[in-house]
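# Observations on chain architecture
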Amino acid sequence: MKTSQSYRRDFYWTIGLGCILIVLILILGVSFFNALNNTQINSRKEFLRKQTELAAIDLEIEISRFMDYANSLSDYLEDSDLDEQDYNADFTKSTKRVFINYFGLIDTVLVDFKDSVIFMTQTPRNDFIRGVYKSDVESFRNSEYHYELQGKEIGIRIIFKLNPVAFTKDFVKNYYLNPEGNKSLFLNGKFQNINPGDGFSDLEIDSESYQKLIEDIKIGILGVYELGWTYENVEHRGILAQYPFRFGDISPGSSLLFMIESEPITEGVYRTYFLLFLGLVFLLVGIIILFTFFLRNRIKSERLLIKRSKEISELFDQQNLLLKELHGFVFFHDHKGKIIRVSDEVSEVLGVSKDRFISAFNDKKDQKDAGKIRDLVKKALHDKASYIDFEYDFIKANGKVIYLRIFEKLVFDDNGKFTGGIGICTDITRSHIAQQDLVQSEKRLRILIENIPDFIFIYDNEGFIIDYQVQLIDDLVKPGFNLLGKNFSEVIPENQIEHIKSAFKLARKTGTLQSVDLKSRINSIVKYFEVKIFPLDETKMMSISRDITSQRIWEQGLLDAMNAADQANRAKSDFLANMSHEIRTPMNGLLGIIDLLEQTKMDDTQNEYLKIIKNSGNSLLNIIRDILDYSKIESGKIEIHNSVFIPKDELEKQVQILSGLAQKKKIEVSISFSEGTDLALEGDIEKIKQVFLNILGNALKFTPGHGKVIISVSTEEVSDDLVFLNVSVKDTGIGIPKDLIPHLTDPFFQVDSSKTRSFQGTGLGLAISKRIVEMLGGELKIISEDRLGSEFIFNVLLKISTNSVTDQSSTFDQNRKSWIGMASEYPLRLLLAEDNDLNLQLMNLMLEQLGYSFDIAKNGKEAVELVNSNDYDLILMDVQMPILNGLEASKLIKSMPYSHHPYIIGLSANVFDEDRKMAFESGMDDYLTKPIRLISLAEKLKLFSTRIQQEEK
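None of the values given here were measured: they were computed from a predicted structure.

By size, the foremost hydrophobic cluster in this structure holds 49 residues, and its most contacted members are F66, I106, V111, F160, L162 and L256. When residues in this core are grouped by element, the largest group, 12 residues, is from helix α1 (residues 2–77). Those residues in contact with I106 that sit more than four places away from it in its chain are F66, V98, F99, F160, K161 and L162. Counting residues in each nonpolar core, the second largest holds 36 residues, with I688, V727, L780 and L798 among its members.

See the structure below:
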């Protein structure tokens, strides 16, 4: 009976204690799992937030730099001193550099010069293309992402067509997330996928989280969220970090989003420890059952104990398999710190055997690592903590350092007495190194900021300084002056406070960067600063100030040098213009009289003398033309005048011009044209003819009698609408030494500069030809050997024209022997306005020989008065006259309310393009430059007489 009662009492006690122990174990397991789970998730949240923040800040800085580059291009184009070379070559190089620096961001660049539009783009093969844009500019501007700059002075407009999504995708690829991570860009109100694989474009975020995310992005609040989504009809949960930033002026309200699934974070922990504690619960239940059956039947209890022990071992083995995934091990110890049990993974993690690990805690000898854990457990018991959680470095036997994390749950009985602990030790070397790399990266960024020579200030929205980074504080304010808490108006000179305040308010209001210049006197020295102000976030503003004093000094020096160079260049141009005018005035009389003499009867000796005088005069005139042409090219004043022409027809005419010289020297000249030279092309044919005549003339000049000159003309296709016109002139002349070939295109260079040289010339022909060819987009090559002849090759870039060639044939009859008395065929009522007696006498002789009667005006005022009282068909108007010059007189005559305005031909010794342009702007209908040749004058009179006769019909 007593035995039965004892059995019953022991039975109920065993059941009660077992149930209590099961409940404690369940509480311990849930607490342990929640603590570990929360630690893992919080760690991932912080890592994800920092990754997103770093990526967004770096991306925003990169886009800001792009905006600065773009603005520098716009400022460059607004420079009024730029010439065509700068627009074509230097600007193209600068734009190409922007394409390279921001590869993937820029798709196409349009530059609207008002009268023309060009485009620049870079192909996937990195080929840089520049061409004329013929499509609608406004449709180009309607692209989803573009950045446009409008010049304030000249008004040149630059439009960048951008691909921010592809650029961001490439930019953030180095910011690592685990394989389950996703990256996305919120741009223009849409989520854009920037993953190598799938992204938000395939996800459906739950509506509540989506609304919260959109609201935070709109007001610019960064955030980390735990949210749910549906992907391929499967529900998931994860962690998302978003960091709002400015994508420049392209999309101010943008945000970068990184996301990882939370399930992979907790799955291993959940699977491992859930089964572990489930096994422990079953273990305790088994123990209770074993004890119960032991009281009933000792033998059955022993058999059942063996069976349950086997099941526990299997569960422990399963738990060990799960620990391998975490690269950790589990250990148990009693209240004395003695290790009761440890999983087999301890040898893999720590590199020591299980026995040695157990002995390290059980032996009384001093073990550094074991003692550290004992001290932490003692401290936790003293602080009445329920667990310990710490990380530390561990040196393995092979000398390798690993980083461990130990989490241990302390177990107490019902009376609060410490009974032992259960812990898990995991190898966190990889995550620790990743964390340290992140810390080092932040440290490097901080060091970089600290070593930037610029002054960096952070303000609140009211302008009070809350942080700053200045290398040399004494260069900015007085020593000992604390800037924290001060308003920026207390540091800035009084006369510039309003200027800085306006920029500060505008930057806060518009959210855009504002740049202002600041002049300050520091230690009696005037310094200049460039201050850039921009919003850092919703509550903070930032300014970056750079000392540009040396730059200002350099710019002023450069400006002074440029002004001096411009003044010298203008003086040279004025000198050349005056010299041209003064030389051409007597040349006008000389060559004009020669033309008149040719129309008179002379004997053979007189004709020979006249020919010598005429050739000398023409040679002198050619020298003057060469000097003026080179001066115009050197000063950048030469202009390109495009027209439609057929290369074959035009170059054949030029060969005919020099055919007389070739026949005189008995030189055989042959010319061949390839396919394509008979097409209509567009370019400056006059300059092409000038180069061709110069090279062909040299070939005939330096080729002895009975020699050969071979001319080849061909075209080479560049694109659908562009071709190269290639011209080769090969002779059997005296040749050129190879060491002198590179100097042939130098101005005033002569191969034979001795006083006994056989050939005369200025040495400017090839220099002018080379400059013209380069201006037309080509190059000039010279191949020669001394005494073996030479070959000159040049090419120019021309456009294939869709228009037909305009008939520009002269009305002048080349076969006519004499123009004496032509007035009867081509009658005109003439007025001659000329103040120079010599020129007046010459023009009188020419017009009388042509058979014309005319009235004379000695200045522009007289010319206007005569036009008011007489009906003239044509006025020969000298440009430079006293009282009222020819330009002013032409304006008055053309502005008068006549039923029929007389035609006006300008007469001037000024041959610059701007002089000719001014003449036509004043109302003149044509322009003759002095010296005026009889044939040229006759041609113009015939042209206008024919035109008047046609108008009267």
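Here we come to the sheet that holds strand β13 (residues 339–342). Here we have five strands laid out as an open sheet, ordered β13-β12-β16-β15-β14, and antiparallel in their pairing. Unpaired on one side and paired on the other, β13 and β14 (387–395) mark the two borders of the sheet. Averaged over all pairs of adjacent strands, the angle between their axes in this sheet comes to 20°, without regard to strand direction. Pairing geometry for β14 and strand β15 (residues 401–412), over nine bridges, is antiparallel. Bridge pairing links I388 to E408 in β15.

Take the sheet that holds strand β1 (residues 106–112) next. Spatially, β3-β2-β1-β5-β4 is the arrangement adopted by the five strands of the open sheet, whose pairing is antiparallel. Pairing within the sheet leaves two strands with one partner each, and these edge strands are β3 (128–132) and β4 (146–150). Adjacent strand axes in the sheet meet at a mean angle of 15°, parallel and antiparallel pairs treated alike.

Inspection of helix α20 (residues 860–869) places G860, A863, V864 and V867 among the buried residues, and these make up the whole buried set. Viewed end-on, α20 has its buried residues packed into an arc of 100°, placing them on one side of the element. Lining the buried residues of α20 we find β29 (830–833), β30 (854–857), β31 (874–878) and α21 (886–895). Capping the start of α20, N859 holds a side-chain oxygen 3.0 Å from the backbone nitrogen of K861, two or three residues further along.

Another point: unusual backbone geometry. For H706, which is not glycine, the phi torsion reads 65° and is therefore positive. For H706, the position within the fold is in the loop between α17 (685–701) and β25 (708–717). On the basis of relative accessibility, which here comes to 64%, the residue H706 falls in the exposed class. Its identity as a non-glycine residue notwithstanding, I883 has a phi of 65°, on the positive side. Relative to the elements of secondary structure, I883 occurs in the loop between β31 and α21.

With that settled, the discussion passes to the packing of aromatic side chains. Under the counting rule described, the total for this entry stands at 13 aromatic pairs. Judged by centre distance (5.5 Å) and plane angle (80°), the rings of F329 and F357 are edge-to-face. Of this pair, F329 sits in strand β12 (residues 328–334) while F357 is found in helix α9 (residues 354–362), placing the two residues 28 residues apart along the sequence. With respect to class, F329 is no different from F357; both count as buried. When the centroid spacing of 5.8 Å and the interplanar angle of 85° are considered together, the rings of Y459 and F504 count as edge-to-face. Taken together, the positions of Y459 in strand β17 (residues 455–460) and F504 in helix α12 (residues 497–510) put the pair 45 residues apart, joining distant regions of the chain. Looking at Y459, the relative accessible area reads 8%, which means it is buried. The ring of F258 is capped by K183, whose NZ or CZ atom sits 5.6 Å from the centre of that ring.

Take a nonpolar patch on the surface next. Taken together, the side chains of W13, L17, I20, L21, V23, L24 and I27 present a nonpolar region at the surface, about 660 Å² in accessible area. Relative to the helices and strands, L17 is located in helix α1.

A surface patch of like charges, here negative, comprises D649, E652, E675 and D678. Counting through the fold element by element, E675 comes out in the loop between β23 (668–673) and β24 (681–683). Its relative accessible area of 76% is what places E675 among the exposed residues.

This part is about the pattern of salt bridges. Tallying each qualifying case throughout the model produces 21 salt bridges. Notably, a salt bridge pairs K940 with D926, separated by 3.0 Å at the nearest N-O pair. Of this pair, K940 sits in helix α23 (residues 934–952) while D926 sits in strand β33 (residues 926–929), and the two are 14 residues apart along the sequence. A network of salt bridges, in which partner residues are shared, links E46, R49, K50 and E53.

Glancing now at the packing of α20 against α21. Remark: α20 packs on α21, axes separated minimally by 9 Å, with the N-to-C direction vectors making an angle of 20°. With respect to their mutual orientation, α20 and α21 come out roughly parallel. In the crossing of α20 with α21, the sense of the turn from one axis to the other is right-handed. Facing α20, whose interface residues are G860, V864 and V867, α21 presents A889, L892 and I893.

Here we take up the pairing of β30. Bridge count for β29 against β30 is four bridges, and the pairing is parallel. Bridge assignment links A833 to a residue of β30, and that residue is A857. Crossover handedness for the path β29 to helix α19 (residues 837–850) to β30: right-handed.

Quick look at the environment of V516 now. Among the secondary structure elements, V516 is positioned in strand β19 (residues 514–522). Of the residues examined, V516 reaches a relative accessible area of 7% and is grouped as buried. Residues V516 and I533 lie 17 residues apart in sequence; the distance between their C-alpha atoms is 8.2 Å.

What follows is about helix α5 (residues 207–219). In a regular helix each residue adds 1.5 Å, so 13 residues correspond to 18 Å; α5 covers 19 Å between its end C-alpha atoms and thus fits that length. Buried within α5 we find S209, L213, I214, D216 and I217. Along the axis of α5, the buried positions cluster into a sector of 165°, meaning they face one direction only. Facing away from the buried side of α5, by more than 90 degrees, are the exposed residues S207, E208 and K218. Positive backbone phi, approximately 75°, marks G220, located one or two places after α5.

Analysis parameters
- Residues numbered from 1 in each chain as written.
- Predicted model: local features only at pLDDT ≥ 70, side-chain atom pairs only at ≥ 80, totals over all residues.
- Heavy atoms only, no water.
- Core = buried A, V, L, I, M, F, W, Y, C linked by side-chain atoms within 4.5 Å.
- Buried < 20%, exposed > 50% of the residue type's maximum accessible area, 1.4 Å probe, protein only.
- Helix = DSSP H or I, 4+ residues; strand = E, 2+ residues; numbered from the N terminus.
- Contact = heavy atoms within 4.5 Å.
- Pairing = 2+ DSSP bridges.
- Axes fitted to C-alpha atoms, helices over the stretch in contact; angles between N-to-C directions.
- Arc of directions from axis to C-beta.
- Polar contact = N/O pair within 3.5 Å; in protein donor to acceptor, adjacent residues only side chain to side chain.
- Phe/Tyr/Trp six-rings, centres within 6.5 Å; stacked < 30°, edge-to-face > 60°.
- Lys NZ or Arg CZ within 6 Å of the ring centre and 35° of its normal.
- Patch = residues over 30% accessible without salt bridge, like charges linked within 9 Å, V, L, I, M, F, W, Y side chains within 5 Å.
- Areas by Shrake-Rupley, 256 points an atom, 1.4 Å probe, with all protein chains shown as cover.
- Salt bridge = Lys/Arg side-chain N within 4 Å of Asp/Glu carboxyl O.
- Lys, Arg positive; Asp, Glu negative; His and termini not counted.
- Charge placed at Lys NZ, Arg CZ, Asp CG, Glu CD.
- Parallel < 35°, antiparallel > 145°, perpendicular 65-115°, else oblique.
- Left-handed = near helix turned anticlockwise from the far one by under 90°.
- Right-handed = clockwise from strand over helix to strand, strands pointing away.
- Expected span 1.5 Å × (residues − 1).

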